[in-house]
Amino acid sequence: MNSATNSLARLLNLDDVEARARELLPEVVFDFVAGGAADELTVRWNRERYSDLKLRPRVLRDLSGLDSSVTLFGQKMPMPILLAPTAGHRYTHPQGEIATTQGAGAVGATFVLSSGTHTAIEDVMAVARAPVWYQLYVLKDRAITAALVERVQAAGAQALCVTVDSPLDGARYRQQRQILQIPPGVTYPHLAGVREPSSIQTLDQILPANLTWKDIEWLRGITRVPLLLKGIMSGDDAAAGVAAGADGIIVSNHGGRCLDTLPATIEVLPEVVAAVSGRVPVLVDGGIRRGTDVVKALALGASAVQIGRPYVYGLAVGGAAGVEHVLKLLRQELLMAMSLLGCPTIPSITRDALWRR
Ligand SMILES: Cc1cc2nc3c(=O)[nH]c(=O)nc-3n(C[C@H](O)[C@H](O)[C@H](O)COP(=O)(O)O)c2cc1C
C-alpha cells in the first residue's frame, strides 16, 4: 500500500473525507465547493431531513444474493449512485475531470459531466470505463446549444441531464466574498465563445431568461439519448416534464446553491414520485452522505441517487483514488445497511424499510 492509499484508508466515511479536503484546499476553493445560497439553510436541511428518517429492519431473511446493482435506461449499474454534475474540477485537482472519470470508472459508477467542465468531453471519453452522461444548460443561443447536444452525443454521452433550476446563480454570498482565480491555462471548453474563462461571470449572462417547456420539447426532438430534467422540486413540474417528453426526473435543489429555504430534496421526493407514478425513473440528489441515506431515498421511490460535494472532496484529497475511495465507502455503507435491514437487492428496498411513528 503506498502512502497516498494508506492515508485514504484512514478516512472512514464521507465526513472524514470532507474534513481532510478542508485541511488541504485553499479556503476560497473549499468555500466554492461547500457553499450554498444566502444563509445556507437548504444546504443544512438537505442533510438533516435524512437524519429525521428512521429505519425498520427485518430479520432472518436470506442475504446470500446481496446485490446493489440497478438498471437505468437499459444501463446496468453496480450501484444506484451517480456522480452529480459539478463544474470546474481543476479548481480542486490538477487532473480535474480526467481523475474524476478514472475514479468513477474504477467502481463502474456513472459520471454526469458538467457543462462547466474544465476538460472536453472527448478527453473524458478517452479514459472512461463506465457510462458518462452530460449535464446541459440551454444557452441563450439555441444553435450553439443544438451543436453542443450533437457534439456530446457523438462523443458518447449516454444520457443528457438538462438543468432547469438555475436561470441565475442565486445569492451565493460565501462564494462572492472571495475571488476564485481560474488556474493558468484552464478553460471551459464546452462554453467557448459563450463564457469568458473568468469566474466572475454569472449564469444569467449565459443562460436565457425565456426558457420554457417548449424548449424541453424542442430538446427532446433533437436528442437521441434519454433526456432527464434536473432541478425539479414539485409534483406539478415533474408531471409537466413527463408530458414534455422527459425520460427521467431528478429531484434537486442544486445542493442548496441557488435558492435558499427550499425544502430538503428528500422531503419533496414522495410528491414527485406520486406525480410521476412510475412512468419514468426519479433520481434525487442533495445531502446524501451515508449508505443509510441512499436506502432512505430508494425506500421513498427514487431509482437512484447522485452525490455532488463528497466526490469533489475525494478528488481534492486523492485525485482518481480519492473519488474511487468515496464511492467505495458509500457502496460499502449501502451494502451494510441493506444486509442489516434484510433487503438483499435494490428492488427489495421499499417503504417498509422506513419506521413510521
Ligand atoms: C462545486 C459544485 C458545482 C456544481 N456545478 C453544477 C453544474 O455545473 N451543473 C449542475 O446542474 N449542478 C451543479 N451542481 C449541483 C450538483 O449537481 C448537485 O445537485 C448537488 O451538488 C447535490 O448536492 P450535494 O453536494 O449535497 O450532494 C454543483 C454543485 C457543486 C457542489
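Bear in mind the structure is a predicted one, so any value in this text is a computation, not a measurement.

**Concerning the overall build of the chain**
Right, so step 1: Counting its secondary structure elements, the chain contains 14 helices and 12 strands.
Right, so step 2: For 357 residues, the compact-globule estimate of 2.2 N^0.38 gives 21 Å, and the chain sits close to it at 19 Å.
Right, so step 3: Along the longest, intermediate and shortest principal axes, the C-alpha atoms of the chain span 60 × 50 × 40 Å.
Right, so step 4: Taking all 357 residues of the chain together, 55% fall into the buried category.
Right, so step 5: Intrachain contacts of the chain at a sequence separation of at least 6 include 74% that bridge at least 24 residues.
Right, so step 6: Accessible surface computed for the chain: about 14,800 Å², of which carbon and sulfur atoms make up 53%.
Right, so step 7: Charge-centre separation for the chain: the mean point of 35 positive side chains lies 5 Å from the mean point of 34 negative side chains.

**Brief notes about the environment of His 118**
Right, so step 1: With respect to the helices and strands, His 118 occurs in the loop between β5 (111–113) and α6 (121–127).
Right, so step 2: Judged by relative accessible area, which is 5%, His 118 ranks as buried.
Right, so step 3: In the structure, His 118 is positioned 91 residues away from Glu 27 in sequence and 20 Å away in space, judged by C-alpha atoms.
Right, so step 4: In this structure His 118 touches Gly 88, His 89, Arg 90, Tyr 91, Glu 97, Ile 182, Val 186, Thr 187, Tyr 188 and Pro 189, once residues within four positions along its chain are discounted.
Right, so step 5: Within the structure, His 118 has its side chain in polar contact with the backbone nitrogen of Arg 90 (distance 3.1 Å).

**A word on the packing of helix α2 (residues 14–24) against helix α14 (residues 309–341)**
Right, so step 1: One way to put it is that α2 packs onto α14 with a least axis distance of 10 Å and a crossing angle of 175 degrees. It follows from the interaxial angle that α2 and α14 lie roughly antiparallel. Each of Leu 14, Val 17, Glu 18, Arg 20, Ala 21 and Leu 24 in α2 lies in contact with α14, whose residues at this interface are Pro 310, Tyr 313, Gly 314, Ala 316, Val 317, His 325, Val 326, Leu 329 and Leu 330.

**Quick notes on the pattern of salt bridges**
Right, so step 1: Summed over the entire model, instances satisfying the criterion amount to 14 salt bridges.
Right, so step 2: Glu 23 is the salt-bridge partner of Arg 20, the closest N and O atoms lying 2.5 Å from each other. Here the residue Arg 20 and the residue Glu 23 both occupy positions in helix α2, the gap between them amounting to 3 residues, near one helical turn.
Right, so step 3: Judged by relative accessible area, which is 33%, Arg 20 ranks as partly exposed.
Right, so step 4: One salt bridge in this structure joins Arg 174 and Asp 31, with 2.9 Å as the shortest N-O distance. Residue Arg 174 is found in helix α8 (residues 173–176), and its partner Asp 31 is found in helix α3 (residues 27–34); the two are separated by 143 residues along the sequence.
Right, so step 5: On the basis of relative accessibility, which here comes to 9%, the residue Asp 31 falls in the buried class.

**Some words on the side chain of Lys 296**
Right, so step 1: One can find Lys 296 in helix α13 (residues 291–299).
Right, so step 2: Here Lys 296 sits buried without a salt bridge, and the closest side chain of opposite charge, Asp 293, lies 4.6 Å off (N-O distance).
Right, so step 3: Look past the residues within four positions of Lys 296 in its chain and what remains in contact with it is Tyr 50, Leu 53, Leu 55, Ile 266 and Leu 354.

**Details of the nonpolar core**
Right, so step 1: Core analysis: the biggest nonpolar cluster contains 110 residues, and Trp 133, Ile 249 and Leu 327 have the highest contact counts within it.
Right, so step 2: In terms of residue count, the dominant contributor to this core is α14 (16 residues).

**Looking at the site of the ligand**
Right, so step 1: The full set close to the ligand counts 23 residues, and Pro 85, Ser 114, Thr 163, Gly 287 and Arg 289 are the nearest of them.
Right, so step 2: In this structure, an oxygen atom belonging to the ligand sits 3.3 Å away from a side-chain N or O atom of Ser 252.
Right, so step 3: Relative to its unbound accessible area of 600 Å², the ligand is 97% covered by the protein chains.
Right, so step 4: Listed by contribution, the elements that provide at least two residues to the shell around the ligand are α3 and α14.

**So, the packing of helix α11 (residues 235–243) against helix α12 (residues 265–276)**
Right, so step 1: Direction vectors running N to C along α11 and α12 enclose 35 degrees, while the axes themselves pass 8 Å from each other. Seen from above, α11 lies across α12 with right-handed handedness. Counting all contacts with α11, which are made through Gly 235, Ala 238 and Val 242, the residues of α12 involved are Glu 271, Val 272, Ala 275 and Val 276.
Right, so step 2: Of the residues in the contact of α11 with α12, the class split is 5 nonpolar, 1 polar and 1 charged.

**So, the side chain of Thr 92**
Right, so step 1: As for its placement among the helices and strands, Thr 92 is situated in the loop between β4 (81–83) and α5 (96–107).
Right, so step 2: When residues no more than four places from it in sequence are discounted, the contact partners of Thr 92 are Leu 25, Val 29, Val 33, Val 312, Leu 315 and Ala 316.

**A look at the layout of surface pockets**
Right, so step 1: In this structure, the largest pocket encloses a volume near 1,000 Å³.
Right, so step 2: Along its surface, the largest pocket is lined by 49 residues, and Phe 32, Ala 87, Arg 172, Gln 175 and Arg 257 are the ones closest to its centre.
Right, so step 3: Looking at the lining of the largest pocket, the elements that each hand over two or more residues are α3, α8, α9 (203–206) and α14.
Right, so step 4: Of the residues belonging to the lining of the largest pocket, the class tally is 18 nonpolar, 22 polar and 9 charged.
Right, so step 5: Considering only enclosed or pocket space, the second largest pocket measures out at about 300 Å³ in volume.
Right, so step 6: Around the second largest pocket sit 18 residues that line it, and Thr 163, Val 164, Asp 165, Leu 211 and Thr 212 are the ones nearest its centre.

**What to know about helix α4 (residues 41–52)**
Right, so step 1: Relative to the 16 Å expected for 12 residues at 1.5 Å per residue, α4 spans 16 Å between its end C-alpha atoms, a close match to the ideal helical length.
Right, so step 2: Residues Thr 42, Val 43, Asn 46 and Tyr 50 constitute the buried set of α4. Projected down its long axis, α4 shows its buried positions confined to an angular sector of 130 degrees, all on one face.
Right, so step 3: Tucked into the core, α4 has its buried residues touching α3, α12, β10 (282–285), α13 and α14.

Conventions adopted
Residues numbered from 1 in each chain as written. Predicted model: local features only at pLDDT ≥ 70, side-chain atom pairs only at ≥ 80, totals over all residues. Heavy atoms only, no water. Helix = DSSP H or I, 4+ residues; strand = E, 2+ residues; numbered from the N terminus. Rg over C-alpha atoms; globule rule 2.2 N^0.38 Å. Buried < 20%, exposed > 50% of the residue type's maximum accessible area, 1.4 Å probe, protein only. Contact = heavy atoms within 4.5 Å. Areas by Shrake-Rupley, 256 points an atom, 1.4 Å probe, with all protein chains shown as cover. Lys, Arg positive; Asp, Glu negative; His and termini not counted. Charge placed at Lys NZ, Arg CZ, Asp CG, Glu CD. Polar contact = N/O pair within 3.5 Å; in protein donor to acceptor, adjacent residues only side chain to side chain. Axes fitted to C-alpha atoms, helices over the stretch in contact; angles between N-to-C directions. Parallel < 35°, antiparallel > 145°, perpendicular 65-115°, else oblique. Salt bridge = Lys/Arg side-chain N within 4 Å of Asp/Glu carboxyl O. Core = buried A, V, L, I, M, F, W, Y, C linked by side-chain atoms within 4.5 Å. Near = heavy atom within 4 Å. Left-handed = near helix turned anticlockwise from the far one by under 90°. Nonpolar A, V, L, I, M, F, W, Y, C, P; charged D, E, K, R; others polar. 1 Å grid on protein atoms, 1.4 Å probe; cavity = no way out; pocket = protein on both sides within 12 Å on 5 of 7 lines; lining within 4 Å. Points joined across faces, edges and corners; volume = space filled by probe spheres on them. Expected span 1.5 Å × (residues − 1). Arc of directions from axis to C-beta.

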